[in-house]
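Coordinate inspection notes
These are the residues of each chain, in order.
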Amino acid sequence: MDLFEYMRNNVTKKESPLASRLRPVTLDEVVGQQHIIGKDKLLYRAIKADKLSSIIFYGPPGTGKTTLAKVIANTTSASFKQLNATVAGKKDMENVVEEAKSYLGMYGKKTILFIDEIHRFNKSQQDYLLPFVEDGTIILIGATTENPYFEVNGALISRSIIFELKPLLKEDIMVLIKRAVYDTEKGMGAYNAVINQDAMEFLADISNGDARMAINAVELGILTTDRAEDGKIHITLEVAEQCIQKRAVRYDKDGDNHYDTISAFIKSMRGSDPDAAVYYLARMLYAGENINFIARRIVICASEDVGNADPNALVVAASAAQAVHQIGMPEAQIILAQAVTYVASAPKSNASYMAVNKAMEAVKNGRTGAVPSHLMDSHYKGASKLGHGLGYKYAHDYPEHYVSQQYLPDELEGTVFYSPTEIGYEKNIKKHLERLKNKKDL
């Protein structure tokens, strides 16, 4: 390291954001994530013993993935290299690998390569790392906000231990806020600031488990608030609210949160909880989810989960889908709320959904059979000579517009695919079909 690089690093350390300056140096300084770094846990023991294998940290932003990598960098005897997949390319990895080979050959020590946002690397870039992870030239530490089982090469996954980081608890965030305000070495203690309890609780709650968000708000509050008559900077609830103008809902439209939220949304409608369903609707709308996507999910739920227990649910949902397409936001949220609460409150039956599943399974397994000859088309030339359509009974020629005859192929005769429930309107369907069956059996 030359003089200029040394000076640049010192300036960067002093001028870097508060969240970066507050990063722990040792394991004992880390707040939260005790399910993986508690003193009896594997990761804690491995870091302390400097016996790491390749690992991948997976979790939402602001939960400590990079922090843990920095702690490892400060405790390991191995060479530590860091890349960010958003800007690094294959050439950067090749340079790290060459240095790692030299370090291993000269000193007999391995190199830890930390790759932030590893899911940003494409398949070929991830594949490049495989042989060097395999032979121990490098120990890989990957960090990702996306589910690694979807976004990271399966071969790398099989050679790594996955550690999932959870959103920090409110109590953990409050510990970090106090450090940010009062720590004179890394924090902003030199500013002689104080934070009210209600302001601290507000920031800890609204950050939604993201420590970086809370710390950034504290830094902004201290730097932009005038001193009071007592010479101190007071971070009040009003100041805290101004530092976070809008609650940042954790919702990545291309990531896990998208799928988790839409899953909760659908399951709430299916579970007949209109309150939960409209809440998840609000979360998606607030985060800017595509209203047509939401409408399509409501239509599917109306058919799959409500079905014939309330056939009108599909009418409401389909009408809502058409209406939101024409109207757009913000009024579309009113239409979506009506459809969501209707579908969530409607009686439920998946009998029609299960019926088509069973029928598809029968077709898939080759149980197709020939169409009964009396049901075949009799209008084309030569059909009558083949016996097609002969003996067909036209239902409308009989009392109640019903007549008993075989409709399924011989191989499936007597098979039941649709079993109506006793719920909602479907009980009327069940009663009607049972009455027809009794007529058939007479």
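1. Re the nonpolar core
Core analysis: the biggest nonpolar cluster contains 32 residues, and I173, I177, I195, L203, I215, V218 and I222 have the highest contact counts within it. Listing elements by their share of this core, those giving two or more residues are α2 (18-21), α10 (170-182), β6 (193-195), α11 (197-206), α12 (211-224), β7 (233-235) and α13 (237-243). The biggest single contributor to this core is α12, with seven residues. In contact with I177, not counting residues within four places along its chain, are I195, M200, L203, A204, A214 and V218. The next biggest cluster of nonpolar side chains, apart from the first, holds 28 residues, and it includes I262, I291, V306 and L336.

2. Digging into the pattern of salt bridges
Throughout the structure, instances matching the rule amount to 10 salt bridges. Close ionic contact of K186 with E29 constitutes a salt bridge, the shortest N to O distance being 3.5 Å. In this pair, K186 sits in the loop between α10 and β6 while E29 sits in the loop between α2 and α3 (34-37), placing the two residues 157 residues apart along the sequence. Overall, E29 belongs to the partly exposed group, its relative accessible area being 28%. When salt bridges with common partners are traced through the structure, they connect R270, E304 and D305 into a single cluster.

3. Description of the packing of aromatic side chains
Applying the stated criterion across every chain yields a total of four aromatic pairs. For the ring pair Y128 and F132, a centre distance of 5.3 Å and an interplane angle of 55° mean the geometry is tilted. You can see Y128 and its partner F132 sitting in helix α7 (residues 123-134), four residues apart, about one turn around the helix. When its relative accessible area of 17% is taken as the criterion, Y128 is described as buried. Its relative accessible area of 12% is what places F132 among the buried residues. Between Y279 and Y280 the ring centres are 5.1 Å apart and the planes differ by 65°, which places this aromatic pair in the edge-to-face class.

4. Things to note about helix α19 (residues 351-364)
Compared with an ideal rise of 1.5 Å per residue, which puts 14 residues at 20 Å, α19 spans 20 Å between its outermost C-alpha atoms and is within 8% of the ideal. All of the buried residues along α19 are A351, A355 and A362. Down the axis of α19, the sector holding all buried residues measures 45°, keeping them to one side. Exposed side chains of α19 directed beyond 90 degrees from the buried face belong to M360, V363 and K364. Positive backbone phi, approximately 85°, marks G366, located one or two places after α19.

5. Overview of a nonpolar patch on the surface
A cluster of nonpolar side chains, namely Y353, M354, V356 and M360, defines an oily patch on the protein surface of about 360 Å² accessible area. Topologically, M354 is positioned in helix α19. The partly exposed category is assigned to M354, whose relative accessible area is 34%.

6. Here we look at the sheet that holds strand β1 (residues 55-58)
Ordered by their spatial adjacency, five strands build an open sheet running β2-β3-β4-β1-β5, and the pairing between neighbours is parallel. Since the sheet does not close on itself, it has two edges, and those belong to β2 (79-84) and β5 (161-164), each with one partner. Strand-to-strand, the axes of this sheet are offset by a mean angle of 15°, without reference to chain direction. The pairing of β2 with strand β3 (residues 111-116) spans six bridges and is parallel. The residue bridging N84 from the neighbouring strand is D116, located in β3. Strands in contact with helix α6 (residues 90-107) are β2, β3 and β4 (138-144); relative to β2, the strand with the most contacts, it is inclined by about 175°. Packed on one face of the sheet, α7 meets β3 and β4 and runs near 135° to β4.

Parameters at a glance
- Residues numbered from 1 in each chain as written.
- Predicted model: local features only at pLDDT ≥ 70, side-chain atom pairs only at ≥ 80, totals over all residues.
- Heavy atoms only, no water.
- Core = buried A, V, L, I, M, F, W, Y, C linked by side-chain atoms within 4.5 Å.
- Buried < 20%, exposed > 50% of the residue type's maximum accessible area, 1.4 Å probe, protein only.
- Helix = DSSP H or I, 4+ residues; strand = E, 2+ residues; numbered from the N terminus.
- Contact = heavy atoms within 4.5 Å.
- Salt bridge = Lys/Arg side-chain N within 4 Å of Asp/Glu carboxyl O.
- Phe/Tyr/Trp six-rings, centres within 6.5 Å; stacked < 30°, edge-to-face > 60°.
- Expected span 1.5 Å × (residues − 1).
- Arc of directions from axis to C-beta.
- Patch = residues over 30% accessible without salt bridge, like charges linked within 9 Å, V, L, I, M, F, W, Y side chains within 5 Å.
- Areas by Shrake-Rupley, 256 points an atom, 1.4 Å probe, with all protein chains shown as cover.
- Pairing = 2+ DSSP bridges.
- Axes fitted to C-alpha atoms, helices over the stretch in contact; angles between N-to-C directions.

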